[in-house]
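Residue-level structural notes
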Amino acid sequence: MTENVLQVEGLTKTFGTRTVVDNVSFEVKRGEIFGFLGPNGSGKTTTIRMALGILRPDAGSVSILGLPPYRNVLKGVGYLPEERGLPRKTLVLDAIRYLGRLKGLTFTEAEDRIDELLRKVNLYEHRKKKVETLSRGMAQLVQFVTALVHDPKFIILDEPFSGLDPLNVELMKEMLLERQRAGGHYHVQHACHVRRRGVVRACGTDCGRPSAAVRGPG
Ligand SMILES: Nc1ncnc2c1ncn2[C@@H]1O[C@H](COP(=O)(O)OP(=O)(O)O)[C@@H](O)[C@H]1O
Ligand SMILES: [Mg+2]
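In short, a report on the structure. From a predicted model like this one, the values you see are computed outputs, not experimental measurements.

About the cut-offs
Residues numbered from 1 in each chain as written. Chains lettered and ligands numbered in written order. Predicted model: local features only at pLDDT ≥ 70, side-chain atom pairs only at ≥ 80, totals over all residues. Helix = DSSP H or I, 4+ residues; strand = E, 2+ residues; numbered from the N terminus. Contact = placed C-beta atoms within 7 Å. Core = buried A, V, L, I, M, F, W, Y, C linked by C-beta atoms within 7 Å. Buried ≥ 20, exposed ≤ 12 C-beta atoms within 10 Å, placed from the backbone. Axes fitted to C-alpha atoms, helices over the stretch in contact; angles between N-to-C directions. Parallel < 35°, antiparallel > 145°, perpendicular 65-115°, else oblique. Left-handed = near helix turned anticlockwise from the far one by under 90°.

This next bit is on the overall build of the protein. A tally of regular secondary structure across the protein gives six helices and nine strands. Considering only residue pairs separated by 6 or more positions, the protein has 66% of its internal contacts joining residues 24 or more positions apart.

Here it is, written out as structure tokens:
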């Protein structure tokens, strides 16, 4: 595998007359936790969507796990989207298994993995409840489990701590660090305390333009 799990170069996106992502370039190295930081509206989610091939950039290129964001490459990627997408009337277990199956797991692999992950986030007892009965934080953890279910090589988390109480923030960070130690690869947005390196983007009058790349200790 290449050294970089994600490389974006010159990414640009304009909605109407507003350029919300303007010539953004950065790379995430294998094994690193990377924070992509910036105020609301500065174009982080739009950049992530282009990195995953959900949105087509107006200019620039993406390489993820060494290739453009094609479907088969994305099987190696876990994604926690900013907007919550689990079907409300579905049981927690079924909602996660459905996505695990789409990512190529067998039924049994999915069940084993879901049991293990739900125990880790203390939601095993809730596995047969409908998604709509979960609190916001619990739903966020279920979404997190969904991003990890197929044991991806690389995960992208958009606002991962949104809705979590402090204990669950710590739990999620610990699970991320544990996976990093075991050889996983993370790109964590807004994860100020677990990031090793990140890009800070300016907003305000200069909204949408990258301002500075900040290199942390790791
Ligand atoms: N599909 C879209 N159409 C028009 N404007 C959009 C669209 N998606 C995002 N925007 C706008 O682009 C800007 C950046 O949004 P976003 O990438 O969600 O920022 P962030 O994730 O940093 O908060 C915002 O002003 C937002 O309203
Ligand atoms: Mg966003």
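Moving on, we get to the nonpolar core. Nonpolar side chains in soluble globular proteins generally cluster together in the buried interior. Formed by 44 residues in total, the largest nonpolar core has its most connected members in Ile-96, Val-145 and Val-149. Tallying contributions element by element places helix H5 (residues 136–148) first for this core, with eight residues. Those residues in contact with Val-149 that sit more than four places away from it in its chain are Ile-96, Leu-99, Gly-100, Lys-103, Leu-105, Ala-110, Arg-113, Ile-114 and Leu-117.

A word on the packing of helix H3 (residues 92–102) against helix H4 (residues 107–120). It is the contact of H3 with H4, at a shortest axis distance of 9 Å, that shows an interaxial angle of 130°. When the interaxial angle is binned, H3 and H4 end up oblique. Read as a crossing pair, H3 and H4 show a hand that is right-handed. Contact with H3, carried on its side by Leu-93, Ile-96, Arg-97, Gly-100 and Arg-101, involves Ala-110, Glu-111, Arg-113 and Ile-114 of H4 and no other residues of that element.

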